[in-house]
Amino acid sequence: TMSADTAKIVEVAAAVMLRPAPDTRLGQEFLLAQRPEGKVYAGYWEFPGGKLEAGETPYQALVRELDEELGLTVEEATPWLTQHFHYEHASVRLSFWRVTRWQGQPQAREGQTWAWQPAAGALNVAPVLPANTPVFRALSLPATLALTCASETGAAAILARIGADPAAFPLVVVREPGWADVDRVQLAHEIRALIAGSGGRVLLAGATTPVAGLDGVHLTAAQLMAQDTRPAADWAGASVHRQEELEQAARLGLDYVMLGHVMPTPSHPGVPPLGWSRFAGLAGGRWPMPVYALGGMQPQDMQAAQAHGAHGIAMMRGAWQ
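Per chain, the residues get numbers from 1 upward, laid out in the order the sequence is written. Only residues with pLDDT of at least 70 get local features here, since the model is predicted, and only at 80 or more are side-chain atom pairs given and counted; chain-wide, interface and lining totals rely on the full set of residues. By convention in this description, side-chain values take in all heavy atoms of the structure and omit both hydrogens and water.

Q: Sorry, what's going on with the overall build of the protein chain here?
A: Each helix and strand in the protein chain was counted, giving nine helices and 15 strands. By the compact-globule yardstick of 20 Å for 321 residues, the protein chain fits well, its C-alpha radius of gyration being 20 Å. Summarising its shape, the C-alpha atoms of the protein chain cover approximately 60 × 45 × 35 Å along the three principal directions. In the protein chain, which comprises 321 residues, the proportion classed as buried is 50%. Throughout, a residue-residue contact means that at least one pair of heavy atoms, one from each residue, lies within 4.5 Å. Restricting to contacts in the protein chain with at least 6 residues of sequence separation, those with at least 24 account for 60%. Numbered from the N terminus, helices here are DSSP runs of H or I no shorter than four residues, and strands are runs of E no shorter than two. Our radius of gyration is a C-alpha quantity, and the globule rule it is checked against amounts to 2.2 Å times the number of residues to the power 0.38. Any residue under 20% of the maximum accessible area for its type is buried, any over 50% is exposed, and the rest in between are partly exposed; the area is computed with a 1.4 Å probe on protein chains only.

Q: Would you take a moment to explain helix α7 (residues 243-252) for this structure?
A: In an α-helix, one turn spans 3.6 residues; hence positions three or four apart end up facing the same way. When we look at burial in α7, the residues that qualify are E245, L246, Q248, A249 and L252. Buried residues of α7, seen end-on, are gathered within an arc of 160 degrees and therefore sit on one face of the element. Taken together, the buried residues of α7 touch α6 (221-226), β12 (235-240), β13 (256-260), α8 (275-282) and β14 (291-294). Looking one or two residues past α7, G253 carries a phi angle of roughly 75 degrees, positive in sign. The arc under discussion is defined with respect to the helix axis, by the directions toward the C-beta atoms.

Q: What exactly am I supposed to notice about the packing of aromatic side chains here?
A: For any two aromatic rings, the description comes down to two numbers: the centre-to-centre distance and the angle of the planes. Geometry of aromatic contacts follows a simple scheme: Phe, Tyr and Trp rings, the Trp one being its six-membered ring, pair when their centres are within 6.5 Å, and the pair is stacked under 30 degrees between planes, edge-to-face over 60, tilted otherwise. Scanning the entire structure with this criterion turns up 10 aromatic pairs. On the numbers, 5.6 Å between centres and 85 degrees between planes, the contact of F47 with F96 is edge-to-face. Linking F47 in the loop between β3 (45-46) and β4 (49-51) with F96 in strand β6 (residues 91-103), this pair joins segments that are 49 residues apart in sequence. Both residues of the pair, F47 and F96, belong to the buried class. On the basis of an interplanar angle of 40 degrees and a centroid distance of 5.7 Å, the ring pair of F47 and F136 is categorised as tilted. Here the residue F47 occupies a position in the loop between β3 and β4, and F136 occupies one in helix α2 (residues 133-139), the gap between them amounting to 89 residues. Look at F47 and you get buried, because its relative accessible area is 6%. For F136, a relative accessible area of 14% puts it in the buried group. The structure contains a cluster of three or more aromatic residues connected by ring pairs, namely F30, F47, F96 and F136. Lying across the ring of W235, R137 places its NZ or CZ 3.8 Å from the centre. Each ring is checked for a lysine NZ or an arginine CZ that lies within 6 Å of its centre and within 35 degrees of its normal; such an atom marks a charge sitting over the ring.

Q: Would you take a moment to explain a nonpolar patch on the surface for this structure?
A: Residues enter patches when they are more than 30% accessible in relative terms and free of salt bridges; like-charged ones are connected within 9 Å and nonpolar ones (Val, Leu, Ile, Met, Phe, Trp, Tyr) within 5 Å. Accessible surface is estimated by sampling points in the Shrake-Rupley manner with a 1.4 Å probe; for residues, cover comes only from the protein chains shown. Think of a salt bridge as a Lys or Arg side-chain nitrogen and an Asp or Glu carboxyl oxygen that are within 4 Å of each other. A surface patch of nonpolar side chains, amounting to about 310 Å² of accessible area, comprises V40, Y41 and Y87. Assignment of secondary structure puts Y41 in the loop between β2 (28-34) and β3.

See below:
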């Protein structure tokens, strides 16, 4: 058998076709296709896509495969995740793209069946290719992440804002570095009581071990670099600023990272921002976990963030205005 180092790398582009679910409470849904008879893993469900041909970019392969497999014309697609899998015969590098606009209705050009699945809920098809589990998990993360800054706004303002529209806060990271642990945890529990009913999640920043009653932890860059293993929490993310920190987050198998700061922000005076081109060079859909753009983000920055390979945006001050 060949070692993974000498094995050929097979480049594959995979499409995460996203559309609003008919039931608006379910958010988005995505398309899975079933592998036809006669192929390896026949009958398994996977994301549509296929191997890059000589000289093709992942985007070009994505466009060609969706036309060949499903008769669809891609109009809007952004880079999202890159997953690596090592099989006996080859190593596969899968570039996942989120496809948000296309022409046409899916047609079974290769005799395969397909099914729309809820991004936030349980799948209703089986079996799926085992490699896809982390991708489904990533798909359930919302495009908007809110960070608290209660030391500036006051906790009451944050709780009032969430209470007025809990569904608008599907993922909240309680930050408050200057606070005592007990106060931070109390704020996190109060927020969770408001958003749990609509499926929201609350993570505690600066914690490396799970806190009872919360959904997970969010590591500082320093904590991330000091960890040998993924925190035992259900959900675990981290703040990152450099290539080495992104590599460590991927190695630990974190669920997401926030990369910043993209724009100038009051939190980091005197530190030059990354800007979008540097963000794209670091993030750009190159990692196995979703990357949120952080730093001076406003809701209107979502499209630019995703075009540069972000999963979405993380907002601190922008979330509470």
